[in-house]
Amino acid sequence: TVLLQPRPLTAPLPHRHPGSGTMANFKGHALPGSFFLLFGLWWSVKYPLRQLWRQGQRPGGRTRVPAWFARMELVEGGLKIFFSFAGIMAEQFVPDGPHAYLYAGEDHTWVKLMNWQHSTMYLFFGLSGVADVLPALSLPLPLGLDRLALALALFVEGFLFYFHVHNRPPLDQHIHSLLLVGVFGGAGCALLEVFLRDQPVLELLRTSLAIQQGTWFFQIGAVLYPPSGGPAWDEDDHSNIMFITMCYCWHYAAALLLMALNYSLVWIGVRRCAGQQGGDMEIRLRKTGSSGNSDSSSHKALLQDSDEE
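Rules of the game
Residues numbered from 1 in each chain as written. Predicted model: local features only at pLDDT ≥ 70, side-chain atom pairs only at ≥ 80, totals over all residues. Heavy atoms only, no water. Patch = residues over 30% accessible without salt bridge, like charges linked within 9 Å, V, L, I, M, F, W, Y side chains within 5 Å. Areas by Shrake-Rupley, 256 points an atom, 1.4 Å probe, with all protein chains shown as cover. Salt bridge = Lys/Arg side-chain N within 4 Å of Asp/Glu carboxyl O. Helix = DSSP H or I, 4+ residues; strand = E, 2+ residues; numbered from the N terminus. Contact = heavy atoms within 4.5 Å. Axes fitted to C-alpha atoms, helices over the stretch in contact; angles between N-to-C directions. Parallel < 35°, antiparallel > 145°, perpendicular 65-115°, else oblique. Nonpolar A, V, L, I, M, F, W, Y, C, P; charged D, E, K, R; others polar. Phe/Tyr/Trp six-rings, centres within 6.5 Å; stacked < 30°, edge-to-face > 60°. Buried < 20%, exposed > 50% of the residue type's maximum accessible area, 1.4 Å probe, protein only. Lys NZ or Arg CZ within 6 Å of the ring centre and 35° of its normal. Core = buried A, V, L, I, M, F, W, Y, C linked by side-chain atoms within 4.5 Å. Left-handed = near helix turned anticlockwise from the far one by under 90°.

A.B. asks: I tried to follow a nonpolar patch on the surface on my own but got confused; where do I start?
C.D. replies: Judged by side-chain polarity, Leu152, Phe155, Phe159, Tyr162, Phe163 and Phe184 come together as a nonpolar surface patch covering roughly 610 Å² of accessible area. Among the elements that take part in the nonpolar patch, helix α4 (residues 145-162) stands out by supplying 4 residues, more than any other. With respect to the element layout, phenylalanine 184 can be found in helix α5 (residues 170-195).

A.B. asks: I would appreciate a short explanation of the environment of phenylalanine 243 in the present structure.
C.D. replies: On the secondary structure map, phenylalanine 243 appears in helix α7 (residues 238-308). In contact with phenylalanine 243, not counting residues within four places along its chain, are Trp233 and Trp250.

A.B. asks: Sorry if this is basic, but what is going on with the packing of helix α3 (residues 113-136) against α4 here?
C.D. replies: Each pair of packed helices gets described by two things: the angle between the helix axes and the distance between those axes. Running from N to C, α3 and α4 point in directions that differ by 175°, and their axes come no closer than 8 Å. Relative to α4, the element α3 is oriented roughly antiparallel. Contacts between α3 and α4 involve Gln117, Thr120, Met121, Phe124, Phe125, Leu127, Ser128, Ala131 and Asp132 from the former and Leu145, Asp146, Ala149, Leu150, Leu152, Ala153, Leu154, Val156, Glu157, Leu160 and Phe161 from the latter. A breakdown of the residues in the contact of α3 with α4 according to their chemical character gives 14 nonpolar, 3 polar and 3 charged.

A.B. asks: Sorry if this is basic, but what is going on with the packing of aromatic side chains here?
C.D. replies: Geometrically, a pair of aromatic rings is defined through the distance of the ring centres and the angle of the planes. Tallied over the entire structure, the rule returns 20 aromatic pairs. Measuring from ring centre to ring centre gives 5.9 Å for phenylalanine 36 and phenylalanine 217, while their planes differ by 5°; the resulting arrangement is stacked. Note that phenylalanine 36 is positioned in helix α1 (residues 26-55) and phenylalanine 217 in helix α6 (residues 200-224), a separation of 181 residues in sequence. Like phenylalanine 36, the residue phenylalanine 217 is buried in the burial classification. Joined through ring pairs, the aromatic side chains of Phe35, Phe36, Phe39, Trp43, Tyr47, Phe82, Phe83, Phe125, Phe161 and Phe217 make up one cluster. The ring of tryptophan 43 carries the charged tip of arginine 206 above its face, separated from the ring centre by 4.6 Å.

A.B. asks: What is the right way to read the nonpolar core from this model?
C.D. replies: Generally speaking, a soluble globular protein has its nonpolar side chains buried in company with each other. By size, the foremost hydrophobic cluster in this structure holds 34 residues, and its most contacted members are Phe125, Leu179, Trp216 and Ile244. Breaking this core down by element, the ones donating at least two residues are α1, α3, α4, α5, α6 and α7. With 8 residues, the top contributor of residues to this core is α5. Excluding anything up to four places from it in sequence, isoleucine 244 contacts Leu171, His174, Ile175, Leu178, Trp216, Val223 and Trp233.

A.B. asks: Looking at this structure, how should I read the packing of α5 against α6?
C.D. replies: Between α5 and α6, the least distance of the axes is 9 Å, while the angle of their chain directions is 160°. By the criterion of interaxial angle, the relationship of α5 to α6 is roughly antiparallel. Here the hand of the crossing between α5 and α6 comes out left-handed. When the residues that make up the contact of α5 with α6 are grouped by side-chain class, the tally is 16 nonpolar, 6 polar and 4 charged.

A.B. asks: So what exactly am I meant to see when it comes to the environment of glutamine 51 here?
C.D. replies: With respect to the helices, strands and loops of the structure, glutamine 51 is situated in helix α1. You can call glutamine 51 partly exposed: its relative accessible area is 22%. With 149 residues separating them in the primary sequence, glutamine 51 and proline 200 have C-alpha atoms 7.3 Å apart.

A.B. asks: Quick question: what am I supposed to make of the environment of tryptophan 110 here?
C.D. replies: Mapped onto the fold, tryptophan 110 is located in strand β2 (residues 109-110). When the C-alpha positions of tryptophan 110 and proline 98 are compared, they lie 9.5 Å apart, and in sequence the two are 12 residues distant. Other than its neighbours up to four places away in sequence, tryptophan 110 contacts Leu102 and Tyr103.

A.B. asks: Mind showing me how you'd approach the pattern of salt bridges here?
C.D. replies: Two side chains with opposite charge may pair up if their charged atoms get near one another. Counting across every chain of the model gives 11 salt bridges. Residues glutamate 203 and arginine 147 are paired through a salt bridge, measuring 3.9 Å at the closest nitrogen-oxygen approach. Note that glutamate 203 is positioned in helix α6 and arginine 147 in helix α4, a separation of 56 residues in sequence. Here arginine 168 makes a salt bridge to aspartate 172, at a shortest N to O gap of 3.5 Å.

Structure, rendered in structure tokens:
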């Protein structure tokens, strides 16, 4: 006879959420986490670089950014579109995905609504990428359309996630609700940038929230689906909820440290480039001055010779 032993409490429990899709594992949370972390780190370099470049311009001189900044916007929009398309394909066409079927007529049931929600999120970030690409192509579009599209994408993400975790254990609900702080905060910053264009404080705040959102997706996957196969978290223990709240603050502190590090590296790089350009300019001025002095001395010699004659 075979005795059925109860599952030990320390063993990882299978997830029991109905309609779980691609994101119902660690890799599914790492995909959007990598998306937000990559763009957050990129913004932490791009915005300080643009700001420091503008500060280095002469007073009253040209303040427009160089043409290669526009090319960077074009590349950024293209990457948004690519990652969004890859996310939609991953959500729809994994082996257990809906494969573009929304409703099953035979069973009269919805098909993998979790996957459809994630696909909807990626869709709006793809539209944000399109809004980034179009102004870079010098099309006559309203100023601030790219920020409005980004704010809309973040709002849709938060709106979907708000109704994403109902009827789940307390820890699962809490760890996802903390994600909404950064999502709606980033949406608010992007919306303000529609009217307050090129404000460094707003840009850096949105950047920090994007980095934190990326790292927090990894944290959600590590808590709910331990990648090492270790013991599962007790999702009904209030102490775990308290720790996760504190951990969320640590994630934001780490995001600020990363931004400070990148800002310092960009500042050092800009100073070195400016120093090299200044040295080259000084050498050219010295050469010009020496040639001018030689011309004037030869002119004086000719005058002296003419006087003697």
